[in-house]
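Residue-level structural notes
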Amino acid sequence: MIYLDNSATGKPLKAVVDAYTLALEEDYFNISSPYSNALSTEKKMAKAKKIICDAINCKESELIFTSGGTESDNTALNLAKDNSEIIVSCYEHHAVLNYAESLKKRNIKVILCPVNKSGVVEKETLENLVNENTSLVSIMHVNNEIGAINDIKMLCSAVKEKNPNTMFHSDGVQAFMHICADIKELGVDLYSISAHKIHGPKGIGALYIKKGVPFTPFISGGGQQENKRSGTVNVPSIIAFSQAVSQLKNGFSQNIKEIKDRYISLLSKISDVKFICPDSAPNILSVAFLGVKASSLQNALENDVIIGKGSACTSRSSKVSHVLEAIGLPLNIAESTIRISFGAFNTIEEADQAVEKIEYYVNYLRKYKRK
């Protein structure tokens, strides 16, 4: 079985599993406790935290650990001021879109920023939406379905020029370790990352909070993590998270890019194929095989190749994902769109075998296309 749905989650690296297991067995102490064993565990956690902070170029005091990307996104958006306006792109992850909707009960107006047909937010479009009452903007770095890359540095700069008091958040879950996520270069106030998207454990993520950003804890309790996020610190997961970062930091994205290029070369030989946003992040390839429903192809391939869907359609529904709708894809293309996403366990060599299976089932399903 060839796994090509790494944007949904990635298989943990062996070093990650080993580090997590060892930490569970030996570093189980609560770092809030005063005895020496706990202090030793805290030092290991601090070392792991530095590895993760170095990967995005921030200070340890500017990062808090969360339960994952969803909590990080929710925490960031929760900083929006009451009776203000926020702007989010129309194709954000539901962790942003759904939480943004919940802010309306605080009399916060939610404005959806459109994206162009290439799947990116345009500077002028965003600028025109910002006003003196805009307290927060959230634009994802890499879209999780089509891999479109937003120029966060440019967008953040444009927002700050229009209103210096507006906080800028970016969901970097699909960008982290795949494209440049240098926080200082991007200029953002808030940035979300997650471990299981880079072959780390599930249930652990982080939120960068720029020094000086007014912060209200999203989760209250015992005051852990400098009163920014309460709850017993998940040391084994943090240590395992840092292992994933350490393992992947040398040439990971370039290897993935080579694999993606190989798939594009092979898939382009299949008839009636359309690549959606081909100049996307190296880890995501969105592609449509006209005449074949994405769900049908996904089901047919399941025992040989696991892929994701770029469409939320079913055989009895014309609905498509909000992402594909946002970029204006015609229905016949949107309902045929799948997502292939790559990770550390994928190889160039397996591409021929995977594409052979994809081509076989595409042709097979086309025979039964309803006229």
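Definitions and limits used
Residues numbered from 1 in each chain as written. Predicted model: local features only at pLDDT ≥ 70, side-chain atom pairs only at ≥ 80, totals over all residues. Heavy atoms only, no water. Helix = DSSP H or I, 4+ residues; strand = E, 2+ residues; numbered from the N terminus. Buried < 20%, exposed > 50% of the residue type's maximum accessible area, 1.4 Å probe, protein only. Contact = heavy atoms within 4.5 Å. Lys, Arg positive; Asp, Glu negative; His and termini not counted. Charge placed at Lys NZ, Arg CZ, Asp CG, Glu CD. Pairing = 2+ DSSP bridges. Axes fitted to C-alpha atoms, helices over the stretch in contact; angles between N-to-C directions. Salt bridge = Lys/Arg side-chain N within 4 Å of Asp/Glu carboxyl O. Expected span 1.5 Å × (residues − 1). Arc of directions from axis to C-beta. pLDDT = per-residue confidence, 0-100. Core = buried A, V, L, I, M, F, W, Y, C linked by side-chain atoms within 4.5 Å. Patch = residues over 30% accessible without salt bridge, like charges linked within 9 Å, V, L, I, M, F, W, Y side chains within 5 Å. Areas by Shrake-Rupley, 256 points an atom, 1.4 Å probe, with all protein chains shown as cover. Parallel < 35°, antiparallel > 145°, perpendicular 65-115°, else oblique. Left-handed = near helix turned anticlockwise from the far one by under 90°. Nonpolar A, V, L, I, M, F, W, Y, C, P; charged D, E, K, R; others polar.

**Regarding the overall build of the protein chain**
Helix and strand counts for the protein chain stand at 14 helices and 12 strands. Each principal axis of the C-alpha atoms in the protein chain carries an extent, and together these give about 70 × 50 × 35 Å. Scored against the burial criterion, the 371 residues of the protein chain give a buried share of 54%. Within the protein chain, counting contacts between residues at least 6 apart in sequence, those at least 24 apart form 71% of the total. Counting 42 positive and 40 negative side-chain charges, the protein chain places the centres of these two groups 3 Å from one another.

**Focus: the sheet that holds strand β12 (residues 337–341)**
Through backbone hydrogen bonds, the strands of a sheet pair up, either in parallel or in antiparallel fashion. Here we have 5 strands laid out as an open sheet, ordered β1-β11-β12-β10-β9, and mixed in their pairing. Each edge of the open sheet is held by one strand with a lone partner, namely β1 (2–4) and β9 (273–276). Strand-to-strand twist of the sheet, defined as the mean angle between neighbouring strand axes without regard to direction, takes the value 35 degrees. Running over the sheet, helix α11 (residues 294–301) touches β10 (284–289), β11 (305–309) and β12 and is turned about 160 degrees from β11. Each of β1, β10, β11 and β12 touches helix α14 (residues 349–366); the most contacted strand, β1, lies at about 80 degrees to it.

**Concerning the pattern of salt bridges**
This model, assessed by the stated rule, comprises 13 salt bridges. One salt bridge connects E71 with R229, and the closest N-O pair in it is separated by 2.8 Å. You can see E71 sitting in helix α3 (residues 69–77) and its partner R229 sitting in the loop between α8 (224–227) and α9 (235–248), a full 158 residues away along the chain. A single burial state applies to E71 and to R229, both of which are buried.

**Some remarks on helix α10 (residues 252–267)**
For α10, built from 16 residues, the straight-helix expectation of 22 Å at 1.5 Å per residue is met to within 8% by its first-to-last C-alpha distance of 23 Å. Taken as a whole, α10 has its buried residues at F252, I256, I259, K260, Y263, L266 and L267. For α10, the arc enclosing every buried residue in end-on projection is 125 degrees, short of the 170-degree limit, so these residues lie on one face. Where α10 is buried, its residues touch β1, α9, β9, β10, β12 and α14.

**What to know about the confidence of the model for the protein chain**
Taken as a whole, the protein chain shows an average pLDDT of 94; of its residues, 97% reach a score of 70 or greater. In this model residues 311–317 is a low-confidence stretch, pLDDT under 50, and it forms 18 contacts with partners more than four residues away in sequence or in other chains.

**Here's the deal with the nonpolar core**
One finds L126, F168, F241, Y263, L267, L297 and I340 to be the most contacted residues of the largest nonpolar core, which totals 98 residues. Here this core takes 8 residues from α9, the largest share from any one element. Discounting chain neighbours no more than four positions away, the residues touching L267 are V273, F275, L285, F289, I340, V355 and I358. Listed in part, the 20 residues of the second largest apolar core include I86, L97, A100 and V213.

**Points about a nonpolar patch on the surface**
The grouping of Y360, Y364 and Y368 at the surface amounts to a nonpolar patch, some 380 Å² of accessible area in total. With respect to the element layout, Y364 can be found in helix α14. Here Y364 falls in the partly exposed class, since its relative accessible area comes to 36%.

**Section: helix α6 (residues 152–162)**
Residues I152, L155, C156, A158 and V159 constitute the buried set of α6. Relative to the axis of α6, the buried residues are bounded by an arc of 160 degrees and lie together on one face. Where α6 is buried, its residues touch α5 (123–129), β5 (134–138), β6 (167–171) and α7 (183–186).

**So, the sheet that holds strand β2 (residues 63–66)**
As summarised here, the arrangement of the 7 strands in space is β2-β8-β7-β6-β5-β3-β4, forming an open sheet in which the pairing is mixed. One side of each edge strand has no neighbouring strand; the edge strands of this open sheet are β2 and β4 (109–113). Here the strands of the sheet are splayed against their neighbours by 20 degrees on average, with no regard to which way each runs. Alignment of β6 against strand β7 (residues 190–194), held across 3 bridges, turns out to be parallel. Along β7, the bridge assignment pairs D171 with S192. Sitting on the sheet, helix α4 (residues 94–102) is in contact with β3 (85–89), β4, β5 and β6, with an inclination near 155 degrees to β3.

**A word on the packing of helix α2 (residues 36–56) against α9**
A packed helix pair is summarised by two numbers, namely the angle formed by the two axes and the spacing between the axes. Where α2 contacts α9, the two axes come as close as 9 Å, and the packing angle between them is 40 degrees. The orientation of α2 relative to α9 falls into the category oblique. At the point where α2 passes α9, the crossing takes the left-handed sense. Contact residues: T41, K44, M45, A48, I51, I52 and A55 in α2; V235, I238, I239, F241, S242, V245 and S246 in α9. In the contact of α2 with α9, the residues fall into 10 nonpolar, 3 polar and 1 charged.

**Focus: unusual backbone geometry**
For N83, which is not a glycine, the phi torsion comes out positive at approximately 60 degrees. Here D272, not a glycine, exhibits a phi torsion of approximately 50 degrees, which is positive.

**As for the pairing of β12**
Extensive coverage of β12 is indicated by the burial of 5 of its 5 residues. Here β12 shows two buried faces, one formed by T337, R339 and S341 and the other by I338 and I340. Pairing geometry for β10 and β12, over 5 bridges, is antiparallel. Bridge assignment links A288 to a residue of β12, and that residue is T337.

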